[in-house]
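As a plain string of letters, each chain reads:
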4 protein chains.
Amino acid sequence: MGKGRIEAFSDGVLAIIITIMVLELKVPHSENLQDLKPLIPVIISYVLSFIYIGIYWNNHHHMMQIVKKVNGSILWLNMHLLFWLSLIPFATAWMGENHFSKWPVILYGFILLMAAIAYYFLAHCLISFHGKESTLAAAIGKDKKGVISVIMYITGIILAFINSWFGFLIYVLVAFMWFIPDKRIEKKLDNN
Amino acid sequence: MGKGRIEAFSDGVLAIIITIMVLELKVPHSENLQDLKPLIPVIISYVLSFIYIGIYWNNHHHMMQIVKKVNGSILWLNMHLLFWLSLIPFATAWMGENHFSKWPVILYGFILLMAAIAYYFLAHCLISFHGKESTLAAAIGKDKKGVISVIMYITGIILAFINSWFGFLIYVLVAFMWFIPDKRIEKKLDNN
Amino acid sequence: MGKGRIEAFSDGVLAIIITIMVLELKVPHSENLQDLKPLIPVIISYVLSFIYIGIYWNNHHHMMQIVKKVNGSILWLNMHLLFWLSLIPFATAWMGENHFSKWPVILYGFILLMAAIAYYFLAHCLISFHGKESTLAAAIGKDKKGVISVIMYITGIILAFINSWFGFLIYVLVAFMWFIPDKRIEKKLDNN
Amino acid sequence: MGKGRIEAFSDGVLAIIITIMVLELKVPHSENLQDLKPLIPVIISYVLSFIYIGIYWNNHHHMMQIVKKVNGSILWLNMHLLFWLSLIPFATAWMGENHFSKWPVILYGFILLMAAIAYYFLAHCLISFHGKESTLAAAIGKDKKGVISVIMYITGIILAFINSWFGFLIYVLVAFMWFIPDKRIEKKLDNN
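Residues numbered from 1 in each chain as written. Chains lettered and ligands numbered in written order. Predicted model: local features only at pLDDT ≥ 70, side-chain atom pairs only at ≥ 80, totals over all residues.

> Please explain the overall build of chain A as it appears in this structure.
Across its full length, chain A holds nine helices and zero strands. Going from N to C terminus, chain A has its helices and strands arranged as α-α-α-α-α-α-α-α-α. Computed over C-alpha atoms, the radius of gyration of chain A comes to 18 Å, within 12% of the 16 Å expected from 2.2 N^0.38 for 192 residues, which places it in the range of a compact globule. Across its three principal axes, chain A shows a C-alpha extent of roughly 60 × 35 × 30 Å. Relative to its 192 residues, chain A shows a buried fraction of 49%. Considering only intrachain contacts with a sequence separation of at least 6, the fraction spanning at least 24 residues in chain A is 77%. (Helix = DSSP H or I, 4+ residues; strand = E, 2+ residues; numbered from the N terminus. Rg over C-alpha atoms; globule rule 2.2 N^0.38 Å. Buried ≥ 20, exposed ≤ 12 C-beta atoms within 10 Å, placed from the backbone. Contact = placed C-beta atoms within 7 Å.)

Here's what the structure looks like:
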């Protein structure tokens, strides 16, 4: 089964998710500069989510490049990842509108956590389908970054119960960690 | 006539349908955990529709892989399928907001029924265009699953008049039945 | 210059237009069957526009299949066509919500007229770029259907001043006329 | 690393941006011609933004045609460009609804300025990745048009403090300047 259409569909969904988030930036009805002030937390929240979707797109892109074949389970694990990512616009808006208060930050972290777990399952199903000797298995390896992210999200969620800004800061840290595309895969591609 | 653009257009429409459904998850204006509570039925409804669109995308993907050519009628039967699927976000929101009450559940079932019939027509037009000896005809065969779905949707709609949860449960059952991608087609592809 | 990306972009825009129209089907807040009644004109209006966008996608698809190259002017004439088509969701919603009354029907016809003219310019620029001896020129020929459509839209707009239903009926007639994909092009493709 | 998916993702995002802008054209609830009058500035604003997104798509398309390879930084610089373009629907709506008054026009110009700078970074990163002797470097050359645009946007923003219409006029002028696709690249492509 070809991988072309799974890439096309994922790209479509990610492109829509990243763009409809902007619809939550409600246009103010008057024309003064200070009307933009209440939008500042919404914009900060939007920027973080934009980067997160960008990271997922980037890593998905990298991973799919060395994928050779897909099967039914992989299609569904990919849908599962897209499901959690599709909830990001909702959590982004709730977090931005409520100025990064406790429950919205916890929900945002929970959705990031579930998306990370979904990505982990997708990657490992792809590896087991391609075999432990495949380029893909070698490229992803032990997936330390994936495991660290999950631990950090959980930490962020717990800390958000104390002070929601701690949670937010940890989510920003994870984003930074992933910002750089997966060198492991790029290296492998150069070698082959 | 090539099948590439019909795949691209269908993927685009399905990607948008699956993503705009999330816009019906209205962001609550306050920041408490209990603000999410009224959203629970909307989310359940969203999950079911997400799975249904996923099923349609999956099966459409599988079927189109063994399609060799398309004609004008097939383009329009595909549009007809997309039309019914495009109404799913509306029915999903109505069903979720009204806690799975009678008429919304009936409407949801009716739209699923029409989509199933539209898919049936598309599949059978593709078969008659490729010939009864084609891989496609062999792969889809007598299409028992398609016929069973139609019967189940009708049963669900009728039962919803008695108790809407019966209807809902039957729609969930149909989704489970289709959850696994079409083994018949995968098998045929492996043989060729 | 390749034609692939112009097809991809047009498909994307048309897929979004056809799908966001459904957002104008506002979900009723109560759960009774009669709550759907005020939506009937909106749905009729939606069906007509869905068919129109389908027609444009179909014919665009057919025309682009025999296009060999594009240039800057063609990119912009294509954008011009997409601009008018992008206004269809607005006119559709206004017409549906106001039960096919005079001005909304006139505006809807005006936008269809402008889209038809935009398509005409696109087709003729493609012909002059490919040469009068090209397959494309032979396939489109004198474009009688395009000219008849323009005349019918104008007639529809004028009749709408008397009774808006006359205008609406004429738009339905034009849609029927175009419903069948362009046999001229399909025939030419078979010969080559 | 292939360029195909970066093109597909950018096309998707641009197609969605250009289409969701139309959602800001709020459908009037009554049926008279004068109900469209308050929409006139919103439509003017929409037309300008439609042309701008068209210009970006056009030039992106042209530039990507002679790109041979991409890397991680280029993926992110492309995301950065899409980020600023994704804010255009917001600025468009604010500017249109407030009849081109001071702060909305300044914000609109600021977003155009940031998008122009993002495009500049993307182009120059592509050049340095392909080498100074590459077709791409020769085609883009000193990028006078890019530099002039940045200067004009800044001028427009400053003039908008005096009279917002001056700013608006300058944005229209920049659009005209870019309206014609990049002849430099087209010429280079013909020579090779």
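> I'm lost on the interface of chain A and chain B in this one. Help?
As a measure of interface size, the accessible area lost when the parts come together is often cited. Taken together, the contact pairs 24 residues of chain A with 26 residues of chain B. Secondary structure elements with two or more residues in the side of chain A that touches chain B: helix H1 (4-20), helix H3 (72-86), helix H4 (88-97) and helix H5 (102-130) of chain A. The element contributing the most residues to the side of chain A that touches chain B is H1 of chain A, with eight residues.

> Help me understand the relation of the copies chain A and chain D in this model?
Mapping between the two copies of the chain is achieved by a rotation about an axis and a shift along the axis. Expressed as a screw operation, the relation of chain A to chain D combines 0.0 Å of axial shift with a rotation of 90°, fitting to an RMSD of 0.0 Å. Such a combination of turn and shift is consistent with a four-fold rotation axis. Closest to the rotation axis within chain A is the C-alpha of Gly 12 of chain A, separated from it by 4.5 Å. The share of interface residues of chain A whose copies in chain D are also at the interface is only 11%, consistent with the copies meeting through different surfaces. (Least-squares fit on C-alpha atoms with pLDDT ≥ 70 in both.)

> How should I be thinking about the environment of Ser 101 of chain D in this particular structure?
Its place among the elements puts Ser 101 of chain D in the loop between helix H4 (88-97) and helix H5 (102-130). Residue Ser 101 of chain D is classed as partly exposed on the basis of its C-beta count, with 18 C-beta atoms lying within 10 Å. Apart from the residues within four sequence positions on either side, Ser 101 of chain D is in contact with Glu 31 of chain A together with Ser 164 of chain D.

> Honestly, the relation of the copies chain A and chain B in this entry has me stumped. Any pointers?
Overlay of chain A on chain B (RMSD 0.0 Å): rotation 90°, translation along the axis 0.0 Å. Counting the interface residues of chain A, we find that no more than 12% of their copies in chain B are interface residues as well, pointing to two distinct contact surfaces.

> Looking at this structure, how should I read helix H3 (residues 72-86) of chain D?
Spacing of three or four residues puts side chains on the same side of an α-helix, whose turn is 3.6 residues. Its 15 residues give H3 of chain D an end-to-end C-alpha distance of 21 Å, which sits within 8% of 21 Å, the value for a rise of 1.5 Å per residue. Buried residues dominate H3 of chain D, accounting for 11 of its 15 residues. Residues of H3 of chain D that are buried include every one of Leu 75, Trp 76, Leu 77, Asn 78, Met 79, His 80, Leu 81, Leu 82, Phe 83, Leu 85 and Ser 86 of chain D, and no others. The elements touched by buried residues of H3 of chain D are H1 and helix H2 (40-66) of chain A together with helix H1 (4-20), helix H2 (40-66), H4 and H5 of chain D. (Expected span 1.5 Å × (residues − 1).)

> Can you walk me through the interface of chain A and chain D in this structure?
Every contact between the two is made by 27 residues of chain A and, on the other side, 24 residues of chain D. Put simply, the parts of the chain that give the side of chain A that touches chain D at least two residues each are H1, H2 and helix H9 (183-191) of chain A. No other element matches the eight residues that H1 of chain A contributes to the side of chain A that touches chain D. Its residues assigned to classes, the side of chain A that touches chain D shows 15 nonpolar, eight polar and four charged. (Nonpolar A, V, L, I, M, F, W, Y, C, P; charged D, E, K, R; others polar.)

> So what exactly am I meant to see when it comes to H1 of chain A here?
Helix length check: H1 of chain A (17 residues) gives 24 Å between terminal C-alpha atoms against 24 Å at 1.5 Å per residue, within 8%. Extensive coverage of H1 of chain A is indicated by the burial of 16 of its 17 residues.

> Is there a simple way to explain the arrangement of the chains in this structure?
Between chain A and chain C there is no contact, and the shortest C-alpha to C-alpha distance separating them is 9 Å. Between chain B and chain D there is no contact, and the shortest C-alpha to C-alpha distance separating them is 9 Å.

> How should I be thinking about the packing of helix H7 (residues 144-162) of chain A against helix H8 (residues 164-179) of chain A in this particular structure?
Residues and elements named next belong to chain A. The geometry of H7 relative to H8 is characterised by a closest axis approach of 6 Å and an angle of 165° between their N-to-C directions. Comparing their axes, H8 and H7 come out roughly antiparallel. Crossing of H7 over H8 shows left-handed handedness. Here Lys 145, Ser 149, Met 152, Tyr 153, Thr 155, Gly 156, Ile 157, Leu 159, Ala 160 and Ile 162 of H7 come into contact with H8, specifically with Ser 164, Phe 166, Gly 167, Ile 170, Tyr 171, Leu 173, Val 174 and Met 177. Residue classes in the contact of H7 with H8 are distributed as 12 nonpolar, five polar and one charged. (Axes fitted to C-alpha atoms, helices over the stretch in contact; angles between N-to-C directions. Parallel < 35°, antiparallel > 145°, perpendicular 65-115°, else oblique. Left-handed = near helix turned anticlockwise from the far one by under 90°.)

> Any chance you could explain unusual backbone geometry here in plain terms?
Look at His 99 of chain B: it is not a glycine, yet its phi comes out positive at around 50°. Residue placement: His 99 of chain B occurs in the loop between helix H4 (88-97) and helix H5 (102-130).

> Is there a simple way to explain the packing of helix H3 (residues 72-86) of chain C against helix H5 (residues 102-130) of chain C in this structure?
Residue and element names in this part refer to chain C. Direction vectors running N to C along H3 and H5 enclose 165°, while the axes themselves pass 8 Å from each other. Considering their axes alone, H3 and H5 lie roughly antiparallel with respect to each other. Of the two possible hands of crossing, H3 and H5 adopt the one that is left-handed. Residues Ser 73, Ile 74, Leu 77, Asn 78, His 80, Leu 81, Trp 84 and Leu 85 of H3 form the contact with H5, whose participating residues are Ile 111, Met 114, Ala 115, Ala 118, Tyr 119, Phe 121, Leu 122, Cys 125, Leu 126 and Phe 129. Grouping the amino acids of the contact of H3 with H5 by side-chain chemistry returns 15 nonpolar, three polar and no charged.

> Could you clarify how one ought to interpret the environment of Leu 77 of chain B in this entry?
All names here are of chain B. By the element assignment, Leu 77 lies in helix H3 (residues 72-86). The buried category is assigned to Leu 77, around which 20 C-beta atoms lie within 10 Å. Sequence separation between Leu 77 and Cys 125 is 48 residues, and the spatial gap between their C-alpha atoms is 8.3 Å.

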